Amino acid sequence: MQIYKVGGAVRDRLLGKPVTDIDWVVVGATTEEMLAKGFRPVGADFPVFLHPKSGEEYALARTERKNGRGYGGFIFHASPDVTLEEDLIRRDLTINAMAEDDQQNLTDPYHGQRDLEARLLRHVSPAFAEDPLRVLRVARFAARYAELGFTVAPETLELMRQLTESGELEALTPERSWKEIARALMEDQPQVFIKVLRECGALKVLMPEVDALFGVPQPEAHHPEIDTGVHTLSVLEQAALHKQPLTVRWACLLHDLGKGLTPEEEWPRHIAHEHKGLKLIKAVNERFKAPKDCQELALLVGEYHTHGHRALELKPSTLLELLQSFDVYRRPQRFEEFIAACEMDARGRKGLEQRSYPQADYLRGAATAARSVAVQPLLEKGFKGPELGEAIKGERLKALKAYKAAAPT
Ligand code: ATP
Ligand code: MG
């Protein structure tokens, strides 16, 4: 049997990028031979194994044929007579379809190296269209390598458009889609992921609520970029620049969905968009089965981001309600993430990226003030049950009044 490094490891070495996980392909071997060498099978009917020591993935060279919708609709054919070239042709992009032996000899039948140099994300063959996940993968690679100047080849974008129009994207499972979305959002330029999806029409299928924001104007005085879609991309860009976690990035993407529902007569104002957007945020959350912390933060940021921006003007009682809604006493980290998302929203405006955001420290100070209220003295005074709750609230309100009175204006 011959063993080659494939995919990301070869690509990233040629790009001079750090290689983290290595995928291997094994040519000329049978399942029995792999098992005899101590490899552990990954799935029952999938010719992929884990190395007994390194735990890295070794896949038998295989061909595949589509016989139904979605990813379940593939028939794999793995046998010792499948060649390296036959295995490589089923891969998504030319830059991912190169292999390398232990002497670093490159096998590159589909000109991945040429496309690396031309900075092009190009599909290997028309079979690209057989797995709709590849639309998301290409958009993710575009986000990852935008910094190096990579773009999607026009003919690949065209194929992505056709794939989208065929309705195949709807066959993707939430789990597969979310994995790509989450990885793409964590890239350095996640806004490129959304842009590419939009260019091929996939955004309209996957997240029509986000797609609908393009072309919706906002008041120029607050939003020099005007367009709500453009604003959303900038907020995401800021979130990546500021190294925000996935929860915050997800919330940034969804925070303004309500603006897509505003009747045109009301443009460029968006009255109560925060509240109106909640059902849309919930729908997107559930469509992709986003993790609970992402879902929660997106809903809270959607509902309260304007409160964040107005923090310095809020009455102490409104501040208290805000802090209670976040359960800041038990979930201080979630409130920090809310503050971060609000700040990214404020910075995601054309020409205002560097403007300071005093609301952030003000909100932190308010949280500290409310949290500093001690329960013990109230217990000692004999408060119990609901009365105790009211008494704590009363003390927190006092603390916030004092905080606001002392804050520099
Ligand atoms: P990463 O750095 O994100 O791991 P990668 O290219 O190694 O990038 P993997 O998901 O680890 O990506 O997949 C390894 C290789 O398998 C890819 O380079 C590609 O050749 C192939 N591959 C993975 N998923 C698909 C797919 N859905 N369709 C076609 N080829 C795929
Ligand atoms: Mg990999």
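Since the structure is predicted, the reported quantities are computational estimates derived from the model, not experimental observations.

### Notes on the packing of helix H14 (residues 278-287) against helix H15 (residues 292-309)
Consideration 1: Direction vectors running N to C along H14 and H15 enclose 165°, while the axes themselves pass 10 Å from each other. As summarised for this structure, H14 and H15 are arranged roughly antiparallel, according to the angle between their axes. Every pair of crossing elements has a handedness; the one defined by H14 and H15 is right-handed. Judged by residue contacts, Leu 278, Ile 281, Lys 282, Asn 285 and Glu 286 of H14 engage Cys 294, Gln 295, Ala 298, Leu 299, Gly 302 and Glu 303 from H15.
Consideration 2: In terms of residue class, the contact of H14 with H15 is made up of five nonpolar, three polar and three charged.

### Regarding the domain arrangement of the protein chain
Consideration 1: When cut into domains, the protein chain gives domain 1 (1-111), domain 2 (112-369) and domain 3 (370-406).
Consideration 2: On a C-alpha basis, the centres of domain 1 and domain 2 stand 34 Å from each other.
Consideration 3: Counting residues at the interface gives 26 residues for domain 1 and 29 residues for domain 2.
Consideration 4: Taking both partners together, domain 1 and domain 2 bury about 2300 Å²; carbon and sulfur atoms supply 59% of that area.
Consideration 5: Summed over the shared surface of domain 1 and domain 2, the result is three salt bridges.
Consideration 6: Here Arg 137 and Asp 92 are joined by a salt bridge, their closest N and O atoms 2.6 Å apart.
Consideration 7: At the surface where domain 1 touches domain 2, the tally comes to 13 residue pairs in polar contact (both at pLDDT 80 or more).
Consideration 8: For the side of domain 1 that touches domain 2, the secondary-structure elements that each account for two or more residues are helix H1 (8-14) and strand S6 (62-66).
Consideration 9: Here the side of domain 1 that touches domain 2 gets three residues from one element, more than from any other, and that element is H1.

Reading the values: the criteria
- Residues numbered from 1 in each chain as written.
- Chains lettered and ligands numbered in written order.
- Predicted model: local features only at pLDDT ≥ 70, side-chain atom pairs only at ≥ 80, totals over all residues.
- Heavy atoms only, no water.
- Axes fitted to C-alpha atoms, helices over the stretch in contact; angles between N-to-C directions.
- Helix = DSSP H or I, 4+ residues; strand = E, 2+ residues; numbered from the N terminus.
- Parallel < 35°, antiparallel > 145°, perpendicular 65-115°, else oblique.
- Left-handed = near helix turned anticlockwise from the far one by under 90°.
- Contact = heavy atoms within 4.5 Å.
- Nonpolar A, V, L, I, M, F, W, Y, C, P; charged D, E, K, R; others polar.
- Domains from an automatic or database assignment.
- Buried area = accessible area lost by both parts, 1.4 Å probe.
- Salt bridge = Lys/Arg side-chain N within 4 Å of Asp/Glu carboxyl O.
- Polar contact = N/O pair within 3.5 Å; in protein donor to acceptor, adjacent residues only side chain to side chain.

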